[in-house]
Amino acid sequence: MLRGRRMSRVGALEEGASVESPELPKVSAEPERVLLRGIFEIRRESCDVVLGKRVLRWRRIQPELPAAGGSTCDLLGKEESLELEDIFSVRLKRRCSVKQLGRGTLLGITLFICLKEPQNKLKDSTLDLINLSEDHCDIWFQQFKKILEGFTSRPKALKILLNPQSHRQESVQVYYEKVEPLLKLAGIKTDVTITEYEGHALSLLAGCELQGFDGVVCVGGDGSASEAAHALLLRAQKNAVVEVDCTLTPTGAQLPLGLIPAGSTNVLAHSLCGIAHIVTATMHIIMGHIQSVDVCTFSSAGKLLRFGFSAMFGFGGKTLALAEKYRWMSPRQRRDFAVIKALAKLKAEDCKISFLPAGCSQDEQERRAQRSPASDGCDQWQAIQGQFLSVSVMATPCLHSVAPRGFAPDTRLNNGSMALTVVRNTTRPEFVKHLKRYSSVKNQFNFPFVETYTIKEVKIHPRSNSTGYDPEEEGGSRATVSQNGFPWNVDGDLMEAASEVHVRLHPRLIRLYGGSLEEMNDSKVACNCI
């Protein structure tokens, strides 16, 4: 009866007002201004609810109990709260039956919230504020909507690029079953294009109208994500009338890019969110969590080949070239087969590697940019040469399910440097030991044949004519890489280069939807490919 009496006397309070009922003592003054205060039922308990500019607070209303000496107990229970920035949608809650032709019986308000879980996961949840008063709920509902409209960084319209060939061709199902319902719930308008061929996203983003969109979202794996990022950056250069080469600074992308991990490899999405999780990636997009991320340019003979985030030459490039020939296999089978085949044909490449350490000052880099492209210009340039089994250049941590610490664990998304890792020629068993270390908590670089450098620029010049990989071998469906070309793995996409490749870092060149990485818990993950 107590709950019924109190719920019947519910009223909405205008901004800054207080409750007059003696049964509801005022909540102690908060540093923020109170917008509304009233009574709702939360989790089957009557609560005194206070809406501030940043936080929603509530206390459970406890029954009055007689006390000796005329004193009374505290009428309010322990305070709970919800940050308003964690709310991404609000709806009026109604009960509808078959006989009701109208909107149904009002029950209250439902808040849709983004919850943080362990291991960097995000999930959607709800909080019901139950009250049967139409006028009371309408005032609160309109106030919640006004608050949500104030989060201007959150997208209202998105261009969706969906790669139907990603992973096991499940990306379409993933989007329409898991991603689209959340976007609709958040009130985000979408325009979906299903890509039909390799390079479709590149040609589409080069010419389509993006004026009415707040961002672009790619549903697929690393290859799809890299293609979309490359397309957005190329579009930015075209709009700015800038020709990108190895000496000029490119223009940043105008729209942020969101990545929904639906591919066989999701290294970039994993590095952005700390986990390759579809709902987590979607919630970061809905909440408007944006990071500015470093990007590399890959050039050869003074001409831009592409934009990217990471690249592997040698073992990593040959493995991808082999995997691309066996697309008819499942992703895991294809990857495992390619790794085993590349190990069986393990061969070092004769290379000269010149690099600019991250310690080179900005003034020195600017002076170099004004000089001839043929001149190194900076006194701090260093060079190493010899036989290398693997060379990797990474501007992101490159987290992966088989590399929980990342392929470049000391690199961050926007720290203005790249990780250069070179593996000199060694025996096959020793090289396999190095590879297995990526799946453990041990230091994968603690080998005498492995060298690591923190750099801003690098030139990799293969000096041999043979790559150790025959594209016509094993009856492949097509020659993926020409006989005189060197295969590179750039963000999971195959790139061919027949001469020196110049990799240059451009800090914070693109904005990506994702959260700030928390410290990842070291966990042992068994490598399933060696």
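Residues numbered from 1 in each chain as written. Predicted model: local features only at pLDDT ≥ 70, side-chain atom pairs only at ≥ 80, totals over all residues. Heavy atoms only, no water.

**Some remarks on the confidence of the model for the protein**
Should pLDDT be low for a region, the predicted coordinates there are not to be read in detail. Confidence in the prediction of the protein, expressed as mean pLDDT, is 81, and 78% of residues score 70 or more. Element-level pLDDT for the protein is lowest in helix H1 (residues 2-8), with a mean of 39, against a maximum mean of 96 in helix H7 (residues 278-287). Taken together, the stretch residues 1-30 has pLDDT below 50 and engages in 64 contacts with residues farther than four places along the chain or on a different chain. Between residues 371-377, whose pLDDT stays under 50, and residues either more than four places distant or in other chains, the model counts nine contacts. (pLDDT = per-residue confidence, 0-100. Helix = DSSP H or I, 4+ residues; strand = E, 2+ residues; numbered from the N terminus. Contact = heavy atoms within 4.5 Å.)

**Quick notes on the nonpolar core**
If you look at the biggest cluster of nonpolar residues, it comprises 58 residues, and the most contacted ones within it are Leu-205, Leu-257, Met-283 and Ile-510. At seven residues, H7 tops the list of elements feeding residues into this core. Excluding its chain neighbours within four sequence positions, the residues that come into contact with Leu-205 are Leu-161, Leu-210, Val-216, Ala-228, Ala-231, Leu-232 and Arg-235. Formed by 26 residues, the second largest nonpolar core is a distinct cluster that contains Cys-296, Ala-311, Phe-486 and Val-501. (Core = buried A, V, L, I, M, F, W, Y, C linked by side-chain atoms within 4.5 Å. Buried < 20%, exposed > 50% of the residue type's maximum accessible area, 1.4 Å probe, protein only.)

**Quick word on the pattern of salt bridges**
By the definition in use, this model includes 14 salt bridges. With its nearest N and O atoms 3.6 Å apart, the salt bridge here joins Arg-335 to Asp-336. Residues Arg-424 and Glu-451 are paired through a salt bridge, measuring 2.6 Å at the closest nitrogen-oxygen approach. Of this pair, Arg-424 sits in strand S17 (residues 418-424) while Glu-451 sits in strand S18 (residues 450-462); the two residues are 27 residues apart in sequence, bridging distant segments of the chain. A network of salt bridges, in which partner residues are shared, links Arg-57, Arg-59 and Glu-79. (Salt bridge = Lys/Arg side-chain N within 4 Å of Asp/Glu carboxyl O.)

**Some points on the packing of helix H3 (residues 171-185) against H7**
In contact at an axis separation of 10 Å, H3 and H7 are set at 30 degrees when each is read in the N-to-C sense. Put simply, H3 runs roughly parallel to H7. Our pair here, H3 against H7, has a crossing hand that is right-handed. Contact residues: Val-174, Lys-178, Val-179, Leu-182 and Leu-183 in H3; Ile-278, Val-279, Thr-282, Met-283 and Ile-286 in H7. The residue makeup of the contact of H3 with H7, split by class, is eight nonpolar, one polar and one charged. (Axes fitted to C-alpha atoms, helices over the stretch in contact; angles between N-to-C directions. Parallel < 35°, antiparallel > 145°, perpendicular 65-115°, else oblique. Left-handed = near helix turned anticlockwise from the far one by under 90°. Nonpolar A, V, L, I, M, F, W, Y, C, P; charged D, E, K, R; others polar.)

**Here's the deal with empty space enclosed by the protein**
Counted by the stated rule, this structure contains five cavities of 30 Å³ or more. In this structure, the largest cavity encloses a volume near 60 Å³. Lining the largest cavity are Cys-218, Gly-220, Gly-221, Asp-222, Ala-225, Leu-259, Ile-260, Pro-261, Asn-266, Leu-268 and Ala-269. Of all the secondary structure elements, the ones that give two or more residues to the lining of the largest cavity are strand S10 (215-220), helix H5 (222-239), strand S11 (257-261) and helix H6 (267-273). (1 Å grid on protein atoms, 1.4 Å probe; cavity = no way out; pocket = protein on both sides within 12 Å on 5 of 7 lines; lining within 4 Å. Points joined across faces, edges and corners; volume = space filled by probe spheres on them.)

**Considerations on unusual backbone geometry**
Phi at Gln-119 is positive, roughly 60 degrees, even though this residue is not glycine. Considering the arrangement of structural elements, one finds Gln-119 in the loop between strand S6 (105-116) and strand S7 (122-130). Look at Gln-119 and you get exposed, because its relative accessible area is 58%. Of note, the phi angle at Ala-301 is positive, near 55 degrees, even though the residue is not glycine.

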